[in-house]
Amino acid sequence: MSDRIPRVSQYGSVDPAPPSNIGDIEIWKKSLIDDEIPMFQRMRNLFSLRNDGSDESCLALCHGFKSSSALLRHELAYVLGQMQNPIALPHLVERLSDVKEHIMVRHEAAEAMGAIGDQSIRSVLQEFCYDENPEVSESCEVALDLLDWCKTKEWEENNL
Ligand SMILES: [Fe+2]
């Protein structure tokens, strides 16, 4: 396939940066919070961690929430939703619950919590359905509806 246009990832998405093929989990993890490294390179490393798919990579991405860049933190929340690993849930709850966090990050954390599909997270999402910021409250509604939809699907698969 031609490299003149970005490729579709293993997650079916066209990402803003192609995964890096040099480095390892520790190097990629450290780079996420290093403001000296250009954002494009940090994004490449972020997608390398996502594509690795292990628990270790997932936790390395969660560590990246210490980054000073709201854009990067938003992207982290998005890929954690794509990975669907419940190990990230406590970190996503923390981002959603932090009222000082950027709205874009809180919104993406809520949607990622829905995408992970773990019903145990419902009460947190219900709580933030009343957030004063519509970007946050609407994202929580969407996430809860997705969890409802998953529950119905599961019921149909077992009973119909
Ligand atoms: Fe978003």
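Described below are features of the structure shown in this document.

With that out of the way, let us pick up the overall build of the protein. Helix and strand content of the protein: 8 helices and 0 strands. Computed over C-alpha atoms, the radius of gyration of the protein comes to 16 Å, within 12% of the 15 Å expected from 2.2 N^0.38 for 160 residues, which places it in the range of a compact globule. Over its C-alpha atoms, taken along the principal directions, the protein stretches across nearly 45 × 40 × 30 Å. For the protein, with 160 residues in total, the buried portion stands at 36%. Look at the contacts in the protein between residues 6 or more apart in sequence, and 63% of them connect residues 24 or more apart.

Let's shift gears to unusual backbone geometry. Non-glycine residue Gln84 carries a positive phi angle of around 60°. Tracing the backbone through its elements, the reader meets Gln84 in the loop between helix 4 (70–83) and helix 5 (89–97). With 15 C-beta atoms counted inside 10 Å, the residue Gln84 sits in the partly exposed group.

Here we come to helix 6 (residues 103–116). Because each turn of an α-helix spans 3.6 residues, side chains separated by three or four positions end up pointing in the same direction. With 14 residues, helix 6 should cover 20 Å at 1.5 Å per step; its first-to-last C-alpha distance of 20 Å lies within 8% of that length. Of all 14 residues making up helix 6, 12 are buried, and the element is well covered by its neighbours. Buried within helix 6 are the following residues: Val105, Arg106, His107, Glu108, Ala109, Ala110, Glu111, Ala112, Met113, Gly114, Ala115 and Ile116. Following helix 6 by one or two positions, Gly117 has its phi on the positive side, about 80°.

Over its 14 residues, helix 4 extends 20 Å from the first C-alpha to the last, a length consistent with the 20 Å expected when each residue adds 1.5 Å. In terms of burial, helix 4 is largely enclosed, as 10 of its 14 residues are buried. Buried residues of helix 4: Leu72, Arg73, Glu75, Leu76, Ala77, Tyr78, Val79, Leu80, Gly81 and Met83, and no others. Elements in contact with the buried residues of helix 4: helix 1 (25–32), helix 2 (39–52), helix 3 (55–63), helix 5 and helix 6. Just downstream of helix 4, Gln84 is the residue with a positive phi angle, here 60°.

What follows covers the nonpolar core. Here is a general trend for soluble globular proteins: nonpolar side chains tend to be buried in one another's company. Residues Leu61, Leu80, Ala110, Ala112 and Met113 are the most contacted members of the largest nonpolar core, which totals 35 residues. Counting only elements with at least two residues in this core, the list comes to helix 1, helix 2, helix 3, helix 4, helix 5, helix 6, helix 7 (122–128) and helix 8 (134–159). Those residues in contact with Met113 that lie beyond four places of it in its chain are Leu89, Leu92, Leu96, Ile121, Leu125 and Ala143.

Let us now look at the packing of helix 2 against helix 3. For the pair helix 2 and helix 3, interaxial distance at closest approach is 7 Å and the crossing angle is 145°. Considering how the two elements wind past one another, helix 2 and helix 3 form a crossing that is left-handed. In this structure, helix 2 contributes Leu46, Leu49, Arg50 and Asp52 to the contact, and helix 3 contributes Ser57, Ala60 and Leu61. In the contact of helix 2 with helix 3, the residues fall into 4 nonpolar, 1 polar and 2 charged.

So, on to the packing of helix 2 against helix 4. At a minimum axis distance of 10 Å, the contact between helix 2 and helix 4 shows a crossing angle of 20°. In terms of axis orientation, helix 2 runs roughly parallel to helix 4. Handedness of the crossing formed by helix 2 with helix 4: right-handed. Where helix 2 approaches helix 4, its residues Arg42, Met43, Leu46 and Arg50 are matched on the opposing element by Leu72, Glu75, Leu76, Val79, Gln82 and Met83.

Parameters and conventions
- Residues numbered from 1 in each chain as written.
- Predicted model: local features only at pLDDT ≥ 70, side-chain atom pairs only at ≥ 80, totals over all residues.
- Helix = DSSP H or I, 4+ residues; strand = E, 2+ residues; numbered from the N terminus.
- Rg over C-alpha atoms; globule rule 2.2 N^0.38 Å.
- Buried ≥ 20, exposed ≤ 12 C-beta atoms within 10 Å, placed from the backbone.
- Contact = placed C-beta atoms within 7 Å.
- Expected span 1.5 Å × (residues − 1).
- Core = buried A, V, L, I, M, F, W, Y, C linked by C-beta atoms within 7 Å.
- Axes fitted to C-alpha atoms, helices over the stretch in contact; angles between N-to-C directions.
- Left-handed = near helix turned anticlockwise from the far one by under 90°.
- Nonpolar A, V, L, I, M, F, W, Y, C, P; charged D, E, K, R; others polar.
- Parallel < 35°, antiparallel > 145°, perpendicular 65-115°, else oblique.

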